[in-house]
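So you can see what is in the structure, the chains are spelled out below.
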Amino acid sequence: MIDYPPQLSEEVRRRLRGLAVNPADVEERFVRGTGPGGQKINKTSSTVSLRHRPSGLVIRCQGGRSQAANREWAWAELAARLERRVREAAGAARAAHELERRRTRQKTRGQKERMIAAKKHRARVKQARRGGWED
């Protein structure tokens, strides 16, 4: 059984399990926040930074003062970005398959007739340049 941080909601854990994310592949750091907020933001390490090594994704979450809430949001964002990557890869594979299917399918009788008529027309145009067409 994979051990995710115990503070994560069951919904986030389910999403991460569905993506087969190994918590050992995720580097989790708690760092001091930046921006306005004065002493509170400068003294506490409530910002959560996640780095998913296999994909190279880096998530940094500083949504609120609570480290636990920021941790939940960061893990949820990691799951969302990985899901988006999976969807995009599946869509690209589907599009490539459809393109190949269209490229290699049989031509209809009408398409063949139009293609042959176009070739004959082009041959007549070229022959006319050379000095005339003889039937």
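Quick note: structure is the one above.
First things first, this report covers the structure right here in the doc. On a predicted model such as this, the values are computed, not experimentally measured, just so you know. (Residues numbered from 1 in each chain as written. Predicted model: local features only at pLDDT ≥ 70, side-chain atom pairs only at ≥ 80, totals over all residues. Heavy atoms only, no water.)

**Some remarks on the overall build of the chain**
And step 1. Within the chain one finds four helices and three strands.
And step 2. Tracing the chain from N to C terminus, the helices and strands come up as α-β-α-β-β-α-α.
And step 3. Expressed as lengths along the three principal axes of its C-alpha atoms, the size of the chain is roughly 95 × 40 × 20 Å.
And step 4. Burial analysis of the chain (135 residues in total) assigns 23% to the buried set.
And step 5. Sequence-distant contacts in the chain: of pairs separated by 6 or more residues, those separated by 24 or more amount to 41%. (Helix = DSSP H or I, 4+ residues; strand = E, 2+ residues; numbered from the N terminus. Buried < 20%, exposed > 50% of the residue type's maximum accessible area, 1.4 Å probe, protein only. Contact = heavy atoms within 4.5 Å.)

**Comments concerning the nonpolar core**
And step 1. Counting 17 residues, the largest nonpolar core has Leu 16, Leu 50, Trp 75 and Leu 78 as the members making the most contacts within it.
And step 2. Only helix H1 (10-18), strand S2 (47-52), strand S3 (57-61) and helix H3 (67-104) provide two or more residues apiece to this core.
And step 3. Per-element tally for this core: the top contributor is H3, with six residues.
And step 4. For Trp 75, the residues in contact, after removing those within four places along its chain, are Tyr 4, Pro 5, Leu 8, Val 12, Leu 16, Val 26, Glu 28 and Leu 50. (Core = buried A, V, L, I, M, F, W, Y, C linked by side-chain atoms within 4.5 Å.)

**What to know about helix H4 (residues 109-130)**
And step 1. The first and last C-alpha atoms of H4 sit 32 Å apart over 22 residues, in line with the 32 Å expected at 1.5 Å per residue.
And step 2. Gly 131, located one to two residues past H4, shows a positive phi value of around 135 degrees. (Expected span 1.5 Å × (residues − 1).)

**Considerations on unusual backbone geometry**
And step 1. Positioned with a positive phi, Ala 20 is a non-glycine residue whose angle comes to about 60 degrees.
And step 2. Mapped onto the elements, Ala 20 comes out in the loop between H1 and strand S1 (26-31).
And step 3. Since its relative accessible area comes to 64%, Ala 20 is described here as exposed.

**Re the sheet that holds S3**
And step 1. Strands sit in the order S1-S2-S3 across an open sheet of three strands; the sheet is antiparallel. Here the strands that pair on one side only, and so sit at the sheet edges, are S1 and S3. Neighbour-to-neighbour, the strand axes of this sheet turn through a mean angle of 15 degrees, independent of strand direction.
And step 2. As paired strands, S2 and S3 are joined by five bridges and run antiparallel to one another. The partner of His 52 across the bridge, within S3, is Leu 57.
And step 3. Running at roughly 150 degrees to S3, H3 makes contact with S1, S2 and S3 of the sheet. (Pairing = 2+ DSSP bridges. Axes fitted to C-alpha atoms, helices over the stretch in contact; angles between N-to-C directions.)

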